[in-house]
Amino acid sequence: MLSGVSILCFAASYSVTLALEVSRLVFRSGVRGAVMLGFAGAGLVAHSAFLYYRAVQTAGAPLSSEQDWCLLAAWLLVAVYLYLVYYHPHAHFGLFLLPLALGLIAAGTFLADPEPFARGPASRVWGAIHGVSLSLGAVAVLVGFATALMYLRQARRLKHKTPSGRGLKLPSLEWLQRANSRALVAAMLLLGAGVVSG
């Protein structure tokens, strides 16, 4: 059953979610939020099944190819997106996070090598720590980048005294600043751990 899950399954779900996020800028809908969460959640479940199947079926270390790391980073971004949308349903996080996740999926599909890295048994533990730290650090950098873009957009709106109204809704500047600084600290720690363990 899991072998039938392809990259197209979750990429299409995330694309529909992004289209629904964009439609929030144009018109209001009472059911769109639930449909959006449904598509994103279904995509995350399919994405999880795909990664699990790859981990089980791959010879050698699980999830040890460039393609797998790109797809794992995209999975983490979508998980962050779902968490943020659940707690801040009126903010447009998807306009910033979903294109990054889709970009990672495209890079993993078309640019990254699907073959597992060659590793000796003794270096597997450090290799796993290295890979996971760098992957999580890259996700933290992307989250920091997205919150910085949202901060700039929100600051511009406030500077020009534009009412929030129907358009793009973002969290407060204080929340965005806190989220950005936390993401950057996490990125620094995780990337440092990845470099040291490499």
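To be clear, the structure that these remarks concern was listed above.
Residues numbered from 1 in each chain as written. Predicted model: local features only at pLDDT ≥ 70, side-chain atom pairs only at ≥ 80, totals over all residues. Heavy atoms only, no water.

> For this particular structure, what's the right way to read the packing of helix α1 (residues 7–23) against helix α2 (residues 32–57)?
The geometry of a pair of packed helices is captured by two quantities: the angle between their axes and the separation between those axes. The geometry of α1 relative to α2 is characterised by a closest axis approach of 8 Å and an angle of 160 degrees between their N-to-C directions. For the element pair α1 / α2, the angle class is roughly antiparallel. The way α1 lies across α2 gives a crossing that is left-handed. Contacts between α1 and α2 involve Ile-7, Cys-9, Phe-10, Ser-13, Tyr-14, Val-16, Thr-17, Leu-20, Glu-21 and Ser-23 on the former and, on the latter, Arg-32, Val-35, Met-36, Phe-39, Ala-40, Gly-43, Leu-44, Ala-46, His-47 and Phe-50. Among the residues forming the contact of α1 with α2, the class breakdown is 13 nonpolar, five polar and two charged. (Axes fitted to C-alpha atoms, helices over the stretch in contact; angles between N-to-C directions. Helix = DSSP H or I, 4+ residues; strand = E, 2+ residues; numbered from the N terminus. Parallel < 35°, antiparallel > 145°, perpendicular 65-115°, else oblique. Left-handed = near helix turned anticlockwise from the far one by under 90°. Contact = heavy atoms within 4.5 Å. Nonpolar A, V, L, I, M, F, W, Y, C, P; charged D, E, K, R; others polar.)

> Explain helix α4 (residues 94–110) here, please?
An α-helical turn contains 3.6 residues, so any two residues separated by three or four positions project in the same direction. In this model α4 runs 23 Å from its N-terminal to its C-terminal C-alpha over 17 residues, within 8% of the 24 Å that 1.5 Å per residue would give. Residues of α4 that are buried include every one of Gly-94, Phe-96, Leu-97, Leu-98, Leu-100, Ala-101, Leu-102, Leu-104, Ile-105 and Gly-108, and no others. (Expected span 1.5 Å × (residues − 1). Buried < 20%, exposed > 50% of the residue type's maximum accessible area, 1.4 Å probe, protein only.)

> Looking at this structure, how should I read α2?
For α2, built from 26 residues, the straight-helix expectation of 38 Å at 1.5 Å per residue is met to within 8% by its first-to-last C-alpha distance of 37 Å. Of all the residues in α2, the buried ones are Arg-32, Met-36, Ala-40, Gly-43, Leu-44, Ala-46, His-47, Ala-49, Phe-50, Leu-51 and Arg-54. Along its buried surface, α2 packs onto α1, α3 (66–87) and α4.

> How do you make sense of the packing of aromatic side chains when you look at a structure like this?
Within a pair of aromatic rings, the relevant descriptors are the distance that separates the centres and the angle that separates the planes. Applying the stated rule across the entire model yields five aromatic pairs. Here Phe-10 and Tyr-14 contribute two aromatic rings whose centre-to-centre distance is 6.2 Å and whose plane-to-plane angle is 55 degrees, an arrangement assigned as tilted. Of this pair, Phe-10 and Tyr-14 both sit in helix α1, separated by four residues, roughly a single helical turn. When sorted by exposure, Phe-10 lands in the same class as Tyr-14, which is buried. On the basis of an interplanar angle of 90 degrees and a centroid distance of 5.1 Å, the ring pair of Tyr-86 and Tyr-87 is categorised as edge-to-face. Overall, Tyr-86 belongs to the exposed group, its relative accessible area being 59%. (Phe/Tyr/Trp six-rings, centres within 6.5 Å; stacked < 30°, edge-to-face > 60°.)

> What is the right way to read a nonpolar patch on the surface from this model?
Nonpolar side chains collect at one region of the surface, where Val-16, Val-31, Val-35 and Phe-39 lie side by side and expose about 300 Å² of accessible area between them. Looking at the secondary structure, you find Val-35 in helix α2. For Val-35, a relative accessible area of 36% translates into the label partly exposed. (Patch = residues over 30% accessible without salt bridge, like charges linked within 9 Å, V, L, I, M, F, W, Y side chains within 5 Å. Areas by Shrake-Rupley, 256 points an atom, 1.4 Å probe, with all protein chains shown as cover. Salt bridge = Lys/Arg side-chain N within 4 Å of Asp/Glu carboxyl O.)

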